[in-house]
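Summary of the model geometry
So the chains spell out like this:
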Amino acid sequence: MAKLIVSINQIEDAERLQEVSSLIWGLKVHTLVLRHGAPKVIDRLKVMGFQNVFVDLKLRDIPEIMGEEVFELINAGADIVSVDGDAENRGLKVASAVASGEKKGRLACTTALSSDHATLPDAEIMQKMFESSMKAMMADIPMVIGNPRFFKDIAIPENDRSFEVITPGIRPEWYEGTSEGHVRTMTPYAAVEAGSDYLVVGRPITLNENPARAVWTILKEMSNGKGNVQAV
């Protein structure tokens, strides 16, 4: 069953979600880690009752530095750490080996797209994501980030299974805000139907006057489809 990840930009977002912390897989952080450091942020979120933290820094550096960064983040308590699919192969392999050795966290490979990707045809985006996926496969990275319809048919032959897919850009139909840079958005139900394993939702929840109710509504849509969901 697909799981819900809420993307937050400030600790106050997490505070407003504490009453539904047991209903979501966890939180995604980026800016908070850059501002305050991973150990402080992750520890505080877990003390607040959130079981898992996805640190989305899209790591890309020389192999030794990537390995050190993954080691520090996982030992700080990160459950998923994102790496950039455009990183060199050895960097991805070093990062994956470190994550596997720690046995506490997993890597997710994201695909870097140019700023004009909105105009790219699906075939070109699929090729880019395919290339990143093959690099992830060779590095034994178990998760990828993106639209599930680009990934679900790409199997990992060694393990005879598919990647787990994390899908950002989730926008319920009732959300009236902007897409915040996400050009190809999906509704929660569409993402689940397409095969996503983890759905990342940010502002439709964190900017809602009742974020706990927004979580419940999105979970219901993930399970039952849009026909059974009331606007929040």
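Residues numbered from 1 in each chain as written. Predicted model: local features only at pLDDT ≥ 70, side-chain atom pairs only at ≥ 80, totals over all residues. Heavy atoms only, no water.

**Concerning the pattern of salt bridges**
Here the structure, examined in full by the defined rule, presents seven salt bridges. Note that Glu 64 and Arg 90 form a salt bridge whose closest N and O atoms lie 3.0 Å from each other. Taken together, the residues span a long stretch of sequence, with Glu 64 in helix H4 (residues 63-75) and Arg 90 in helix H5 (residues 89-102) at a distance of 26 residues. We classify Glu 64 as partly exposed; its relative accessible area is 42%. (Salt bridge = Lys/Arg side-chain N within 4 Å of Asp/Glu carboxyl O. Helix = DSSP H or I, 4+ residues; strand = E, 2+ residues; numbered from the N terminus. Buried < 20%, exposed > 50% of the residue type's maximum accessible area, 1.4 Å probe, protein only.)

**A closer look at helix H10 (residues 211-224)**
Under the 1.5 Å per step criterion, the end-to-end length of H10 is 20 Å for 14 residues, consistent within 8% with the ideal 20 Å. Within H10 the residues assigned to the buried category are Pro 211, Ala 212, Ala 214, Val 215, Thr 217, Ile 218, Leu 219, Glu 221 and Met 222. Elements in contact with the buried residues of H10: strand E1 (3-7), helix H8 (188-194), strand E10 (198-201) and helix H9 (203-206). (Expected span 1.5 Å × (residues − 1). Contact = heavy atoms within 4.5 Å.)

**Concerning the environment of Met 137**
Mapped onto the fold, Met 137 is located in helix H6 (residues 122-138). For the pair Met 137 and Cys 109, spaced 28 residues apart in sequence, the C-alpha separation works out to 9.7 Å.

**Notes on the sheet that holds strand E4 (residues 80-84)**
Spatially, the eight strands close up into a barrel ordered E1-E2-E3-E4-E5-E6-E9-E10, and their pairing is parallel. Averaged over neighbouring strand pairs, the angle between their axes works out to 25° when direction is ignored. In this structure, strand E6 (residues 143-145) lies alongside strand E9 (residues 164-167), joined through three bridges in parallel fashion. Across the sheet, Met 143 pairs through a bridge with Glu 164, a residue of E9. Packed onto the sheet, helix H3 (residues 38-47) meets strand E2 (26-29) and strand E3 (53-59) and runs at close to 160° relative to E3. (Pairing = 2+ DSSP bridges. Axes fitted to C-alpha atoms, helices over the stretch in contact; angles between N-to-C directions.)

**A short note on the pairing of E4**
Counting buried positions along E4 gives five out of five residues, so the element sits mostly inside the fold. Of the two faces of E4, both are covered, the one formed by Ile 80, Ser 82 and Asp 84 as well as the one formed by Val 81 and Val 83. Across three bridges, E3 lies against E4 in parallel orientation. Across the sheet, the residue bridging to Phe 54 is Ile 80, located in E4. Each parallel crossover has a hand, and for E3 linked through H4 to E4 it is right-handed. The pairing of E4 with strand E5 (residues 106-110) spans five bridges and is parallel. By the bridge assignment, Ser 82 is partnered in E5 with Ala 108. (Right-handed = clockwise from strand over helix to strand, strands pointing away.)

**Structural notes on the packing of H4 against H5**
It is at 8 Å that the axes of H4 and H5 come closest, and there the two elements cross at 25°. Judged by the inter-axis angle, H4 sits roughly parallel to H5. The two elements H4 and H5 meet at a crossing, and its hand is right-handed. On H5, the residues that touch Pro 63, Glu 64, Met 66, Gly 67, Val 70, Phe 71, Ile 74 and Asn 75 of H4 are Arg 90, Gly 91, Leu 92, Val 94, Ala 95, Val 98, Ala 99 and Glu 102. Per-class residue counts for the contact of H4 with H5 are ten nonpolar, three polar and three charged. (Parallel < 35°, antiparallel > 145°, perpendicular 65-115°, else oblique. Left-handed = near helix turned anticlockwise from the far one by under 90°. Nonpolar A, V, L, I, M, F, W, Y, C, P; charged D, E, K, R; others polar.)

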